[in-house]
Amino acid sequence: METVKAIKEQGPNNSTDLLPLSKPEKRLTMAYIYVAIIALFVGGLMGLLQTLVRSGKFTLPWGIDYYQILTIHGVVLALVLTTFFIIGFQFSLMNKTVGMSDKQRKSAWVSFWVMTIGTLMTATTILLGKGSVLYTFYAPLQAHPAFYIGLALVIIGSWIAAFVNFRQLYLWKKAHPGEKSPLLAFMVTINMIMWVIASMGVAASVLIQFIPWSLGIASTMNVLVSRTLFWYFGHPLVYFWLLAAYMAWYAIIPKIIGGKIFSDALARLSFILFLFFSIPVGFHHQLTEPGIDATWKFVQVSLTFMVVIPTLMTAFSLFATFEITGRKKGFKGLFGWLKHLPWKDVRFLAPFIGMVAFIPGGAGGIINASHQMNAVIHNTIWVTGHFHLTVATTVILTFFGISYWLIPHLTGRRLTKQLNKLGIIQTIIWTVGMGIMSISMHIQGLLGGPRRSAFSEYGGTEQAHEWGYYQLAQAVGGTILFIGIILMVYIFIKMAFFAPKGDEEYPIAEEEPDAEPTPKFLENWKLWIGITIALILFAYTIPFIDIIQNAPPGSPPFPFLVGN
Ligand code: HAS
């Protein structure tokens, strides 16, 4: 029989074998999760304060500024919580499926510390009131250089993690010539390729534009270039969050419901399509910006709609898994199979509600991307409603669902019946709170209520009076959500330190035995990366040249990124 050490050195025998996580590997993933849970608490508290301020019934004490807490909320939740949770979770997936050497683990720790130091730098700058520039840090808002240097470190740290993941798969492939890679390792690799290509945009902007400008080396910068580079990164950023949730939907949920993966090939194809269509689409966040030619906005909006294809493939695959599993268990009728789903298992319930929330969340996204309709909702609090359904419900409820088995697995404890029950209560609280908050944000947005503004009550007009009801509803939703966060932190502490010792399963599903074999070309990395780069060059080259050539005075075309 092979020892764990031997398997570790060579990787598993075939692509469906799973490796046990060693103690050091468990500690590594837990380190990332500790940061994520602290971020959840701090960011959630700021979210509560925001809704209270906007309700007009509360003033921040001690001279704290609304935009300061809004920046902490955005940076800590959208950038820190997500990135740390995803990278930690992905390391555990890679270690389970392809294995990790000691050297790779050391590099992974370097990644963790570089990211953590960066996070501390940025967070401290905001807390000191020197970085209230929101998570998109649009110029001409300017922060202290430490804000941007901290962000650059977070990105560099995440690249180290990406290259560890690439090496993990590379060594496994070398040891298993001709075999298809494990599905989850394939998915992690796609997500990290997307992340590296996309984050180069924001890294370039931070390093070449923002840091010199904030240090006073350059006195001005080309603002449209900086916004374009940000959104070149900003849209794939949201898919970076979503794909981590999709990994659980495709490969973990089937195991939890007692079923199998519907199709390995379909799952891989959908991830490849996400790689193609996540990056060359940033202009759909810049539809109202006058400096970008309408033709290129049209091209990028068309590419945006292509993303709907892998999304619907995912919905199809999930429905198929649910139905096939139910029918195998003997449930009949058109929807009888729904009854077999383990509604009382929080590991399933939380991500399932996340899936359902993605139906209105995705429909909202399609409205946002449609140019004329975007003119109605852009810069209104509708957009905030949209991303609280997508990232703060679909993605986060899936991450909570993962935590309920991952954390006890890592800490050598069990998800007890009582913790499962608390988890179900937490999921319901989250759904109700987010439902109230997000619906009222959508409605207030349609009535013209602005986003990113503490002044939503000015003027005493009839319209502003009407906004008041929805702002109050948002404060109610925000308060319920904060109760949900406190409960989640409590469950986390229990799972990490106090739950009874035991073995919690790391649930990874197998493929349906009669599924069609996965075609070999799906692992043609050079081809997929080549097509991705070609699409980016097609969508960005000409408009980018336009932006630089037609830069206004003070933003000299060359050196094109910083003026003086
Ligand atoms: Fe978005 C703004 C367009 C998806 C996040 N988005 C944002 C911002 C964030 C964000 C954070 O075009 C704000 C950025 C800022 O600060 O300015 N978004 C889209 C489109 C999609 C989309 C077309 N967004 C997401 C996801 C996010 C996210 C996912 C986070 C995770 N978004 C926009 C646009 C803007 C925008 C514009 C800019 C607006 C502006 O003017 O500023 C698409 O990907 C959506 C496709 C999704 C679907 C839904 C498919 C449903 C599925 C559910 C399956 C369920 C099952 C269970 C199986 C078509 C897969 C059901 C079972 C039953 C029994 C019912």
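Residues numbered from 1 in each chain as written. Predicted model: local features only at pLDDT ≥ 70, side-chain atom pairs only at ≥ 80, totals over all residues. Heavy atoms only, no water.

Enquirer: Residue-level account of the packing of helix α3 (residues 66–97) against helix α6 (residues 183–215), with values.
Expert: The contact between α3 and α6 brings their axes to 9 Å, and the two run at 145 degrees. Every pair of crossing elements has a handedness; the one defined by α3 and α6 is left-handed. Side by side, α3 and α6 meet where Thr-83, Ile-86, Ile-87, Gln-90, Leu-93, Met-94 and Thr-97 of the first sit next to Leu-184, Ala-185, Val-188, Thr-189, Asn-191, Met-192 and Trp-195 of the second. Looking at the contact of α3 with α6 residue by residue, the classes come out as nine nonpolar, five polar and no charged. (Axes fitted to C-alpha atoms, helices over the stretch in contact; angles between N-to-C directions. Helix = DSSP H or I, 4+ residues; strand = E, 2+ residues; numbered from the N terminus. Left-handed = near helix turned anticlockwise from the far one by under 90°. Contact = heavy atoms within 4.5 Å. Nonpolar A, V, L, I, M, F, W, Y, C, P; charged D, E, K, R; others polar.)

Enquirer: An account of the coordination of the iron atom of the ligand is needed here, citing residue identities and associated values.
Expert: Of the protein atoms, His-386 (NE2) alone serves as a donor to the iron atom of the ligand, at 2.2 Å. Note on placement: His-386 falls in helix α14 (residues 381–411). (Donors = N, O, S within 2.8 Å, 3.2 Å for Na, K, Ca; no water.)

Enquirer: I'd like to hear about the pattern of salt bridges, residue by residue, with values.
Expert: Overall, the coordinates contain eleven salt bridges when judged by the stated rule. The partner of Arg-268 in a salt bridge is Glu-523, and the shortest N-O contact between them spans 3.7 Å. Residue Arg-268 is found in helix α9 (residues 264–278), and its partner Glu-523 is found in the loop between α16 (462–498) and α17 (525–549); the two are separated by 255 residues along the sequence. A relative accessible area of 15% means that Glu-523 is categorised as buried. Ionic pairing is found between Arg-347 and Asp-345, a salt bridge with its closest N-O pair at 2.7 Å. (Salt bridge = Lys/Arg side-chain N within 4 Å of Asp/Glu carboxyl O. Buried < 20%, exposed > 50% of the residue type's maximum accessible area, 1.4 Å probe, protein only.)

Enquirer: Can you lay out the site of the ligand for me, pointing to particular residues and giving the numbers?
Expert: Close to the ligand lie 33 residues, the nearest being Tyr-135, Tyr-239, Asn-374, His-378 and His-386. Between the ligand and Tyr-135 there is a distance of 2.8 Å, counted from an oxygen atom to a side-chain nitrogen or oxygen. In this structure, Arg-451 approaches the ligand through a side-chain N or O atom, which is 2.8 Å from an oxygen atom. Contributions of two or more residues to the shell around the ligand are made by α7 (223–251), α11 (308–328), α12 (346–369) and α14. The biggest single contributor to the shell around the ligand is α12, with nine residues. (Near = heavy atom within 4 Å. Polar contact = N/O pair within 3.5 Å; in protein donor to acceptor, adjacent residues only side chain to side chain.)

Enquirer: Tell me what's going on with the packing of α7 against α12, and back it up with residues and numbers.
Expert: It is the contact of α7 with α12, at a shortest axis distance of 11 Å, that shows an interaxial angle of 125 degrees. The angle between α7 and α12 places the two elements in the oblique class. The crossing of α7 and α12 is left-handed. Each of Leu-242, Tyr-246 and Trp-249 in α7 lies in contact with α12, whose residues at this interface are Pro-351, Gly-354, Met-355 and Phe-358. Per-class residue counts for the contact of α7 with α12 are six nonpolar, one polar and no charged. (Parallel < 35°, antiparallel > 145°, perpendicular 65-115°, else oblique.)

Enquirer: For a nonpolar patch on the surface, give the residues involved together with the corresponding values.
Expert: On the surface, Tyr-34, Ile-493, Phe-497 and Phe-498 cluster together into a nonpolar patch covering about 390 Å² of accessible area. A per-element tally of the nonpolar patch places α16 first, with three residues. Within the fold, Phe-497 resides in helix α16. (Patch = residues over 30% accessible without salt bridge, like charges linked within 9 Å, V, L, I, M, F, W, Y side chains within 5 Å. Areas by Shrake-Rupley, 256 points an atom, 1.4 Å probe, with all protein chains shown as cover.)

Enquirer: Which residues make up the packing of aromatic side chains, and what values go with them?
Expert: What describes a pair of aromatic rings is the distance from one ring centre to the other and the angle between the planes of the rings. Inspection of every chain in the model, using the stated rule, returns 48 aromatic pairs. Centroid distance Trp-195 to Phe-233: 5.7 Å. Interplanar angle 65 degrees. Geometry classified as edge-to-face. With Trp-195 in helix α6 and Phe-233 in helix α7, this residue pair connects regions lying 38 residues apart in the sequence. Ring geometry for Tyr-246 and Tyr-250: centres 6.2 Å apart, planes at 80 degrees, overall edge-to-face. Of this pair, Tyr-246 and Tyr-250 are both found in helix α7, four residues apart, which corresponds to roughly one turn of the helix. Exposure remark for Tyr-246: the relative accessible area of 0% places this residue in the buried category. By relative accessible area, which is 3% here, Tyr-250 ends up buried. Chaining the aromatic ring pairs together yields one cluster made of Tyr-135, Phe-137, Phe-147, Tyr-148, Trp-195, Phe-210, Trp-213, Phe-230, Trp-231, Phe-233 and Phe-240. One residue, Arg-227, lies across the ring of Tyr-138, its end atom 4.0 Å from the ring centre. (Phe/Tyr/Trp six-rings, centres within 6.5 Å; stacked < 30°, edge-to-face > 60°. Lys NZ or Arg CZ within 6 Å of the ring centre and 35° of its normal.)

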